[in-house]
Every structure is written in structure tokens, then in C-alpha cells.
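# What the coordinates show
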Amino acid sequence: ILNPEISIYQKEDLVISSTSRKLTKDEGKDAILTGEVVSKFFNEDGSHISTLYSDSAIVENVSNNLRAYGNVTVVSDSGYTLKSDQILWDNQYKLITSEDSVLLTDKLNNTVRGVGFESDMDLTNYKIFKFIGSFKETN
């Protein structure tokens, strides 16, 4: 399917709406989105809270988890930006996770690097498991 839009729900609530240039899916298999994937995340109130951009993504048939690959960037409405090579959106727990290297930038342009990441959908409550770098004290 060319220029598809695919939606992921949790019960009756829209959680993610994704578009791409192409969707490939065989019956009973995962959906594969390729080319300029844009996934919009929504909270329980139906308000937009962040947008994910990637080269490709897989929507898992059974779990409705979304795995994004290649030049992954998540931009939250709260001012945070996450960059990685791949991430997993866990639909059951509503968490963004990555086992890869990540770069997180806040609204003041402070950056944190690390390996391994877990966060809520708007990137405001996050954990970086292997922090890389250092902090400078300011007087």
C-alpha cells in the first residue's frame, strides 16, 4: 500500500497514528512501514504529545508494539528530542525504550548521551542506563 496511515489503539483510545511512503503486510504477519515514517503519539485524553520520525518501522501484529529503525528522532511537545538508531514503543506499558546509543536534548539545548533508554511518551520521565559523558559545575 502506498502512502498508508495506520493507527494503534489501546482499548478505544488512539495511541499512535503512523504514516509512511509504503506499507507491506502479509496476512498474520507484522506490518512494515518504509520511507519517511512519521508516528504521532497521543495521551489518554487524546492530546498529541510527541512525534517520532524514522526510516522504517514494524508494527507487531499481536502486541501492537512499534519498532522504529534508522535515523530515529522523537520530538516531544514538552521540548525534549531523542535520537537513536532504533527504538521500541511498548504498547502495553506505554514506554519508549532503546538498547542502542541515545542522545537526549532538553528545551534548554542541554544534551545527555548514553546506551539504553526508557521513557514515557512525552520524554519527561526517562532513564539512561549507561550514561556517557560528564557534567560541569557552574558557580
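Here, every reference points to the structure presented above.
Read on for an overview of the structure. Everything numeric here is computed off the predicted structure, so don't read it as measured data.

## A short note on the overall build of the protein chain
Helix and strand counts for the protein chain come out as zero helices and ten strands. Compactness check: the protein chain gives a C-alpha radius of gyration of 15 Å against a globular reference of 14 Å for 139 residues, within 12% of the reference. Along the longest, intermediate and shortest principal axes, the C-alpha atoms of the protein chain span 60 × 30 × 25 Å. Expressed as a percentage of contacts within the protein chain between residues at least 6 apart in sequence, the contacts between residues at least 24 apart total 30%. Of the roughly 8400 Å² that the protein chain leaves accessible, carbon and sulfur atoms contribute 46%. Of the side chains in the protein chain, 14 bear a positive and 21 a negative charge, and the two mean positions are spaced by 4 Å.

## Considerations on the pattern of salt bridges
Counted according to the given criterion, the structure contains four salt bridges. Notably, a salt bridge pairs Lys94 with Glu44, separated by 3.8 Å at the nearest N-O pair. Highlighted residues: Lys94 in the loop between β7 (81–90) and β8 (95–105) and Glu44 in the loop between β4 (31–42) and β5 (48–59), separated in sequence by 50 residues. We note a salt bridge from Glu118 to Lys127, for which the minimum N-O separation is 3.8 Å.

## Brief notes about the side chain of Thr73
Residue position: Thr73 is located in strand β6 (residues 66–76). A relative accessible area of 16% means that Thr73 is categorised as buried. Sequence-distant contacts of Thr73, that is, excluding residues within four places in its chain, are made with Thr51, Leu52, Tyr53, Thr81, Leu82 and Lys83.

## A few points about the packing of aromatic side chains
Enumeration according to the criterion identifies three aromatic pairs in this entry. For the pair Phe117 and Tyr126, a centre-to-centre distance of 6.2 Å together with 20 degrees between the ring planes defines the contact as stacked. Phe117 gets classed as buried once you look at its relative accessible area, which sits at 1%. Note on Tyr126: relative accessible area 34%, which makes it partly exposed. Ring pairing ties together the aromatic residues Tyr80, Phe117 and Tyr126, which thus form one cluster.

About the thresholds
- Residues numbered from 1 in each chain as written.
- Predicted model: local features only at pLDDT ≥ 70, side-chain atom pairs only at ≥ 80, totals over all residues.
- Heavy atoms only, no water.
- Helix = DSSP H or I, 4+ residues; strand = E, 2+ residues; numbered from the N terminus.
- Rg over C-alpha atoms; globule rule 2.2 N^0.38 Å.
- Contact = heavy atoms within 4.5 Å.
- Areas by Shrake-Rupley, 256 points an atom, 1.4 Å probe, with all protein chains shown as cover.
- Lys, Arg positive; Asp, Glu negative; His and termini not counted.
- Charge placed at Lys NZ, Arg CZ, Asp CG, Glu CD.
- Salt bridge = Lys/Arg side-chain N within 4 Å of Asp/Glu carboxyl O.
- Buried < 20%, exposed > 50% of the residue type's maximum accessible area, 1.4 Å probe, protein only.
- Phe/Tyr/Trp six-rings, centres within 6.5 Å; stacked < 30°, edge-to-face > 60°.

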